[in-house]
Amino acid sequence: MESIWTKTVRLPQFPALTGDMKTDVLIIGGGMAGILCAYMLKEAGVDYVLAEADRICGGITKDTTAKITFQHGFIYDKLIGRFGAAGAKVYLDANRAALDRFGQMCRFIDCDFETVDSYVYTNNRAKMEAEAAALSRLGASCDMVYSLPIAIPNRGAVRVKAQAQFHPLKFINGIAKDLNIWENTKVLELEKGGAVTNHGRIKAKKIIIATHFPILNKHGLYFLKLYQHRSYVIALKNAPKFEGMYVDEKDSGMSFRRYGDLLLLGGGGHRTGKKGGNWKELTDFAKKHYPDATITARWATQDCMSLDSVPYIGQYAKSTPDLFTAAGFNKWGMTGSMVSAMILAEAVQGRTHPYASFFSPCRSMLTARLAVNAAESTLGLLTPTLPRCPHLGCALRYNSAEHSWDCPCHGSRFDEKGNLINNPATDDKHF
């Protein structure tokens, strides 16, 4: 199982750190968010080190569908209801700035960057009209479209023009080679003023944890503030050549985008540890609607979902002034990563970015989703079956589609031999 991104690019390799070192800022995690943080700190002349436990972009970044847009489903009507128009405008402005920054950077990077229109489709006309009204209220140009090329019944879509898509690993290839990165350098423990790795210690004044799901359980209550969601992708040759990006407003719906002569079809999603449509849903759909198409690649990804649909970016917890994180991108990891880098690059230099307060991880946790997450964790802890996750002890469930053991509480995953696939667990599971 390999994404088309990993099939079509070879990323630079970096040595493992052996011994001890000092730096002003330690970044833990070499995905899109961590590498963008490193890139911005290098631009600012800040002394930094990035430590990656394995290979850069070996986790979620390589499995994205790589849409760059501020249109994140039907989110703005919800954000106005929860945070008011002012809060929703901050979210819009931050993600629009991220889109613009990608556009500026990609002018000088060969990464198949394309400007395309974005469509969020639905079967609910009232929701579509409410979202279009919310976007217009916030100053974002949009329209409603009633004829779509997708083979799914719908009542139309909200369209936002001039969004983007790209090849994420070609982009990383263009910015990472001159960064101060250490691969195969696993952080085993955080300590005052630094971290212990598998081959030594890194002393640091500030630390950014950019590990998809925050790895430190002692602070921040991220095991309650986040849950994880899996989704699946197939790349189809000889399928219709769509122009634009299409996403269902429902989490369980399908997405469509073109890459070259391939159609990337996404969907089959479910909460990690639960059952869902997975690749079968996608292949059945393709056989029915695109009978001449052939599958050239398939892959799956995992997204951290926050309590209120807004990422956690900033100070890890109120009690940790020198520790920062970025997590909970809610399936929109490209703009989420760029917003994170913009905010955190300022934070570690002692400055407050204008968007920082809205995305603060220390904001209120009181949402309906908190009760659901707490119930899932309690159920996982009380389920008497084996094996159990080494993260916090929840019962693992076997995922027959991917031949893995998945944790329904917090999303850790292990292969059939017990090797760790996805965090927040940090160690292999010995079956």
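Every chain is numbered on its own, with residues counted from 1 as its sequence reads. The model is predicted, so local features are restricted to residues of pLDDT at least 70 and side-chain atom pairs to those at 80 or more, both for listing and for counting; the totals for chains, interfaces and linings are taken over all residues. To obtain the side-chain values, all non-hydrogen atoms of the structure were used and water was disregarded.

Novice: Go over the overall build of the protein chain with me, naming the residues and quoting the values.
Specialist: Labels follow the DSSP assignment, with helices taken as runs of H or I lasting at least four residues and strands as runs of E lasting at least two, numbered in each case from the N terminus. Looking only at helices and strands, the protein chain has 10 helices and 21 strands in total. In terms of overall dimensions, the protein chain is globule-like: its C-alpha atoms have a radius of gyration of 21 Å, near the 22 Å expected for 431 residues. Structurally, the protein chain occupies a C-alpha span of about 60 × 50 × 45 Å along its principal axes. Exposure is judged per residue with a 1.4 Å probe applied to protein chains only, and the accessible area is read against the type maximum: over 50% gives exposed, under 20% gives buried, and values in between give partly exposed. Looking at the protein chain as a whole, 58% of its 431 residues qualify as buried. By definition in these notes, contact holds between two residues if any of their heavy atoms fall within 4.5 Å. Taking all contacts inside the protein chain whose residues are at least 6 apart in sequence as the whole, residues at least 24 apart take part in 72%. Where accessible areas are quoted, they stem from the Shrake-Rupley method and a 1.4 Å probe; at the residue level, only the protein chains shown are allowed to cover. When the accessible surface of the protein chain is summed, it comes to about 17500 Å², and 51% of that surface belongs to carbon and sulfur atoms. In this tally, Asp and Glu contribute negative charge and Lys and Arg positive charge; neither His nor the terminal groups of the chain are included. Charge positions are represented by NZ for Lys, CZ for Arg, CG for Asp and CD for Glu. Each charge class in the protein chain can be summarised by its mean position, and for the 52 positive and 41 negative side chains these summaries are 3 Å apart. Using C-alpha atoms as the atom set, the radius of gyration is obtained and then compared with a globule rule of 2.2 Å times the number of residues to the power 0.38.

Novice: Residue-level account of the pairing of strand 13 (residues 255-259), with values.
Specialist: Of all 5 residues in strand 13, 5 are buried, a share of seventy percent or more. Burial along strand 13 is two-sided: the residues Ser 255, Arg 257 and Tyr 259 and Phe 256 and Arg 258 are all buried. Strands qualify as paired when DSSP identifies two bridges or more between them. What sits between strand 12 (residues 245-248) and strand 13 in their antiparallel hairpin is a turn of 6 residues. Where strand 13 meets strand 14 (residues 262-271), 5 bridges bridge the pair, whose relative direction is antiparallel. In the strand pairing of strand 14, Tyr 259 is matched with Leu 262. Where strand 13 hands over to strand 14, the hairpin turn is made up of 2 residues, of which Gly 260 adopts a positive phi near 60 degrees.

Novice: Lay out the state of the cysteines in plain terms, naming residues and giving numbers.
Specialist: When two cysteine sulfur atoms are found within 2.5 Å, that pair is recorded as a disulfide. Scanning the entire structure with this criterion turns up 1 disulfide. Between Cys 394 and Cys 409 runs a disulfide, and the two sulfur atoms are separated by 2.2 Å. Between Cys 394 and Cys 409, the S-S dihedral sits near -100 degrees, and the bridge is therefore left-handed. One end of the pair, Cys 394, is in the loop between helix 10 (368-382) and strand 18 (397-399); the other, Cys 409, is in the loop between strand 19 (404-406) and strand 20 (413-415), and 15 residues separate them in sequence. Judged by its relative accessible area of 1%, Cys 394 falls in the buried class.

Novice: I'd like a description of the pattern of salt bridges, backed by residues and values.
Specialist: Salt bridges are identified by distance alone: a Lys or Arg side-chain nitrogen within 4 Å of an Asp or Glu carboxyl oxygen. In the structure shown here, the tally under the stated rule is 23 salt bridges. Measuring nitrogen to oxygen at the nearest pair gives 3.2 Å for the salt bridge that ties Asp 63 to Lys 62. Residue Lys 62 is classed as partly exposed on the basis of its relative accessible area of 23%. One salt bridge in this structure joins Glu 402 and Arg 413, with 3.3 Å as the shortest N-O distance. Pair noted here: Glu 402 is in the loop between strand 18 and strand 19 and Arg 413 is in strand 20, with a separation of 11 residues, a long-range link. Each of Arg 230, Glu 402, Asp 406 and Arg 413 takes part in salt bridges that share partners, so that together they form one network.

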